[in-house]
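One letter stands for each residue in the lines below.
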Amino acid sequence: MNGRARFRPDLADREAIRRDLDTNLLVEAAAGTGKTTSLVDRMLALVRDGNVPPERLCAVTFTVKAAAQLKQKFQRALEESLEAERDAVRRGRLAEALGGIDRGFIGTIHSFCARLLRERPVEAGVDPEFVELDETEDLLLRAEAWERYKQTLFLESNPLLGQLAGYGIAIDLLRDAYHCLASNPDVVPAAADPVAEPSFEREKEQVLEFLARAAKQIPPRDPAARSDSLQKKLRSARRLVANSKLDRPAELVTLFERLQGQGKVVQKLWPNAAVAVRLRDEYDALVKDVVSPALSRWREFLYPVAVEAVKPAVEVFRRMRRDRGALDFGDLLLCARNLLRDHPEARRDFQRRFTPILVDEFQDTDPIQAEVLLYLTGRQLDEKDWRVLEPIPGSLFVVGDPKQSIYRFRRADIETYESVKERIRASGGRVLRLTTNFRSCPEICDWVNGVFSKVFPSVASHEQAADARLVPDRATAGGFAGAVRLDVPAVGRGGDVARADAVRIASWIRGALDAKVEIASKGSRAAQPGDFLILFRYKKRMDVYARELELRGVPYEIAGGGAFSESEDLRNLLPILESIVDPDDPVSLVASLRGPFFGVDDDALYRYHRAGGKFHLFAPTQPAADPRISGAFLAIRDAYDLAKHLPPAAALARITGNLGAIADAGARELGATRAGNLLKAVSIARDLSANGESFAAIVRHLRQLTESSETEEMSVRPGVSEAVRLLTLHRAKGLEAPIVFLADPSGEWDAPISWCVGREADPPRAWLRILRPERNGWKASDGEIARPIDWSGREKTERLFQEAEKDRLLYVAATRAADLLVVSSRPNDSKNPWAKLAAEISRSLPDLPPRPAAASVVPTEDLPGALEEFRRKRESRRDVATRASYRIEPVTKLVHAGADVLPFRARTGRGMSWGRVIHRLLESAMKDPSIDLRQYARNLLAEEERSSEECDDAVALAEAVI
């Protein structure tokens, strides 16, 4: 222990956790100070000192993984304490607790609520045999309920459809609003009184008058010339006027929407610059004073219409859960809350059996979870208002960190945290604070203290937690220590920035592994892949970084990337499955033929059709049909027979196996994740099949999952310990690593505020801003459909909470590293989500120790000889004329690092020319000698559908010139 670690300012508070067992405690534990350890210390003290028999102990956390880790730590603490204890009475208690560790409860809040409901199903009003829906099952059932609701509307010719169509609203535009309400069953949409349909006659006259005048002033359209945004907007609006019936409100509103936004002028594109500027000013004034107010009135008029259209769908979802005896996570919480609130005798019974309650990561608690905890511990058994309950002394222990409250989108917010803190104080409880950090080196702790003293207030506000300084308990980490900046050049768009950043990060990690960099927090041992953590604010470009790691032979694991819904391999498989479900569907069949499994080109399809071929699964194939087409028909018919004779999940597994889909996915770049997603699809099918779903229903569900971003990817190597972990920031809370990269310094954007909740009344009320799904998250002002009348004020308040949470996200990011924090930065930081952190760093990422010298590049003058030697070896290996699909042209140039290009060409004319293939191989290898050239070639050529022999040739040629 170094000199700094001798003083722990929170020592008295840590002692109180172990000794003050008859007092309710809320422990605010800053990052790295041992939240879970303090919880285990409290649990150990409760059973050791005789306050609580093991069957009454109840410890709650919020994920299955965290619950498993908590149970493991508690068991280890019991074993160690039992071995060290000399008092016979205490030894007996510890031995009893160790033997009865399963008699108490250590698990998630949802599984705890399920346990309460199973004990008292009658009072709770639930099916005694209810099943719990996991996240995927809940998503699928929600989607099914929406489809059933729509079908009912169409079958009944419900006038609602005509009403919505008259207002320009397709029913599916309301799907996101439905999902929002359906996934938050504790809230109800705020009552909205119907608003009289607005009349826009005056606004229409003003807009048409302006457009007619503007038409005479904008220059005639020249297809070969550029146009600025004002010209484009005005011409587009004029075309819309000519082709619309503006006496229909919906079409007039479409014109108003077309005019939204500022009109930017490029003066050199106008004959008269003064006229252009004047027209722009008039346009902006029209939008501000006429168009925008009109659109606001229209959207406020539509709001009650849209909400009333969505509410029946939410009720369909509720009935379907009830009819199937299924409860989702929200149901578990609500039903348990209602059971405890409305049945004092049940509350009394559970209090005797399940207290004290200890809660980990309390800052992640949502309001319903808080109600359950307070009903279980409150002394007033007949009180139904949880806000006035006072926990029985010693019945409640919670530990959390308000500075790490980052799940507002899941309804966990800092207001709930503060409400429970007030209840604990009202019961005579105490608030303790832990500030000694056991994770990070002094260099990081000191830097974090300096940065966030400027970010967090000294006293907690309504939206933000108070600052708390970290006191490091570790020694310095040596050379690779503290916070450093990784500078990325300002290159192109966000994707270009991410690629440049990914190359630098992957190369540095590869170099650190090769140089056996010492990791101070791991006893100064050599670096291993598991010592590195790459964090992302958004999941959009995680695959870019994974690809660069793979190219350098660095094992990795992605979590939280959402790649399942974006799985190319699953999307390629689905048309085949849909052809099996509906053999009469020519679209799915043609998509199957054109897909990568059969690779039929458009010319072959056209010739087949002209020859009389039918795109029906059981249509006779033409005798002279392309063998790819006839082979595809046979393969899909075999798959059809499997689906007809085997259980659905077994059929799907056999079909994917016969097609080689999983093996093919695993052989491509990012293969572990790609193959894992197909295995996840088979696993989902297995669960659905066990619940009685048909093959057709399973295929439909898989299609729905590809259209939802809520389903995350799976790897064929889940939980690999020695791999670089790539995670979104929300998935990383609670994790740590010696070296952490904050990656992708691009793409910062503010998510649109789409809903907010008021908890002043019971049940809480929700106000929705209904956005077009395809625009949700981007240009919300252009994609808005409806909003409540008083939305602007509520949005402003919600934005304050959102901005405060963004700062807490930065705190979580900054406190994951034990030794070295690397923050990606670039010259223009306006779009960098880590900008506040990068601005406080002056040091750059240090260079690594020298690596073994890479093979030298063949001098340009020696290239002809080297290439001739390669050609001789290759031709002696096999008969080029008969076995290769390409030929080698005379080598005259090579472009790379001062050389020229290799003009190889593919005979077939398809895909990338050999010149480009070799050029990309050489370019990558010369930039980074550590790159796995063979893996890179395999990935590159797999995209081009080249053979493994061609891959060998490409690598051999590249190696011959490096």
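Values in this document were obtained by computation on a predicted structure and should not be read as measured data.

(A) The confidence of the model for the protein chain, seen in detail. Across the protein chain, the average pLDDT comes to 84, with 84% of residues at or above 70. Here residues 1-5 is modelled with pLDDT under 50, and outside its nearest four sequence neighbours on either side it reaches eleven contacts, counting other chains as well.

(B) Examining the pairing of strand 23 (residues 817-825) more closely. Within strand 23, nine of the nine residues are buried, leaving the element largely enclosed by the surrounding structure. Here strand 18 (residues 737-742) pairs with strand 23 via five bridges, running parallel. Each residue of the ladder has a partner; that of Ile739, found in strand 23, is Leu820.

(C) Spatial organisation of the layout of surface pockets. Within this model, the second largest pocket holds a volume of roughly 630 Å³. Along the walls of the second largest pocket sit 29 residues, with Pro185, Arg318, Arg321, Asp331 and Leu334 positioned nearest its centre. At the level of elements, helix 6 (121-124), helix 9 (175-182), strand 5 (188-189), helix 13 (273-323), strand 6 (326-327) and helix 14 (329-342) are the ones that each hand at least two residues to the lining of the second largest pocket. Per element, the largest residue contribution to the lining of the second largest pocket is seven residues, and it comes from helix 13.

(D) Looking closely at the state of the cysteines. Scanning all chains against the criterion turns up zero disulfides. Of all cysteine sulfurs in the structure, the one in Cys445 sits closest to Cys441, which takes part in no disulfide; the separation is 7.0 Å. Since its relative accessible area comes to 0%, Cys441 is described here as buried.

(E) Just empty space enclosed by the protein, in detail. Per the stated rule, a full pass over the model turns up four cavities of 30 Å³ or more. Of the volumes computed, that of the largest cavity is approximately 60 Å³. Taken together, Val47, Pro54, Leu57, Phe74, Ala97, Gly100, Ile101, Gly104, Phe105 and Ile106 form the lining of the largest cavity. Class assignment for the residues of the lining of the largest cavity results in eight nonpolar, two polar and no charged.

(F) Just the sheet that holds strand 1 (residues 25-29), in detail. Reading across the sheet, the six strands line up as 3-2-7-8-1-9 and stay open at both edges, with parallel pairing between neighbours. Unpaired on one side and paired on the other, strand 3 (105-108) and strand 9 (430-434) mark the two borders of the sheet. Averaged over all adjacent pairs, the angle separating strand axes in this sheet is 15 degrees, with direction ignored. With three bridges joining them, strand 2 (residues 58-61) and strand 7 (residues 357-359) adopt parallel strand pairing. Residue pairing in the sheet places Val60 in a bridge with Val359 of strand 7. Helix 2 (residues 35-48) contacts strand 1, strand 2, strand 3, strand 7, strand 8 (396-400) and strand 9 of the sheet and is inclined by roughly 160 degrees relative to strand 8. Where helix 5 (residues 109-119) meets the sheet, its contacts fall on strand 2 and strand 3, and the angle it forms with strand 3 comes to roughly 120 degrees.

(G) Seen up close, the packing of aromatic side chains. Using the criterion set out here, one finds 21 aromatic pairs in the structure. With centroids separated by 6.1 Å and ring planes inclined at 35 degrees, the aromatic side chains of Phe350 and Phe354 adopt a geometry described as tilted. Assigned by exposure class, Phe350 and Phe354 land together as buried. Between Tyr608 and Phe615, the aromatic rings sit 5.4 Å apart at their centres with planes inclined by 50 degrees, giving tilted as the arrangement. Put simply, the rings of Tyr167, Phe200, Phe256, Trp298 and Phe301 touch in pairs and so form one group of aromatic residues. Over the ring of Phe317 we find Arg321; its NZ or CZ atom is 4.3 Å from the centre of that ring. When the ring centre of Trp767 is taken as reference, the NZ or CZ atom of Arg794 above it lies at 3.5 Å.

(H) Layout of the side chain of Ser236. Topologically, Ser236 is positioned in helix 11 (residues 229-242). Relative accessible area serves as the criterion here: at 12%, Ser236 is assigned to the buried category. Within the structure, the side chain of Ser236 is placed 2.6 Å from the side chain of Arg258, a separation counted as a polar contact.

Conventions we followed
- Residue numbers run consecutively from 1 along every chain, following the written order of its sequence.
- With the structure being a predicted model, the display of local features is reserved for residues of pLDDT at least 70 and the display and counting of side-chain atom pairs for 80 or more, all residues being used for whole-chain, interface and lining totals.
- Calculated side-chain values reflect all of the structure's heavy atoms, with hydrogen atoms and water omitted.
- Each residue gets a pLDDT score, which is the predictor's confidence in that residue and runs from 0 to 100.
- Any two residues whose heavy atoms approach within 4.5 Å are treated as being in contact.
- Under the scheme applied here, a residue whose accessible area is under 20% of the maximum for its type counts as buried, over 50% as exposed, and between as partly exposed, the area being computed with a 1.4 Å probe on protein chains only.
- Here a strand is any run of E in DSSP of at least two residues, a helix any run of H or I of at least four, and the numbering for each starts at the N terminus.
- Two strands pair under a simple rule: DSSP has to find at least two bridges between them.
- Cavities and pockets were defined on a 1 Å grid built over protein atoms only: a cavity is a set of grid points that admits a 1.4 Å probe from which the probe cannot escape, a pocket is an open set flanked by protein on both sides within 12 Å along at least five of seven lines, and lining residues are those with an atom within 4 Å of any such point.
- Grid points are joined across faces, edges and corners, and a volume is the space filled by probe spheres set on the points.
- Put simply, a disulfide is two cysteine sulfurs that come within 2.5 Å.
- Under this grouping Gly is polar, as are all residues other than the nonpolar Ala, Val, Leu, Ile, Met, Phe, Trp, Tyr, Cys and Pro and the charged Asp, Glu, Lys and Arg.
- Helix axes use the C-alpha atoms of the stretch in contact, all axes being lines fitted to C-alpha atoms, and the angles between their N-to-C directions lie in the range 0 to 180 degrees.
- Only centres within 6.5 Å qualify two rings of Phe, Tyr or Trp (six-membered ring in Trp) as a pair; their planes then separate them into stacked at under 30 degrees, edge-to-face at over 60, and tilted for everything else.
- Note on geometry: a ring has a charge over it if NZ (lysine) or CZ (arginine) is within 6 Å of the ring centre and within 35 degrees of the ring normal.
- Polar contacts here mean pairs of N or O atoms no more than 3.5 Å apart (in protein, one a potential hydrogen donor and the other a potential acceptor; neighbouring residues in sequence count only if both atoms are side-chain atoms).

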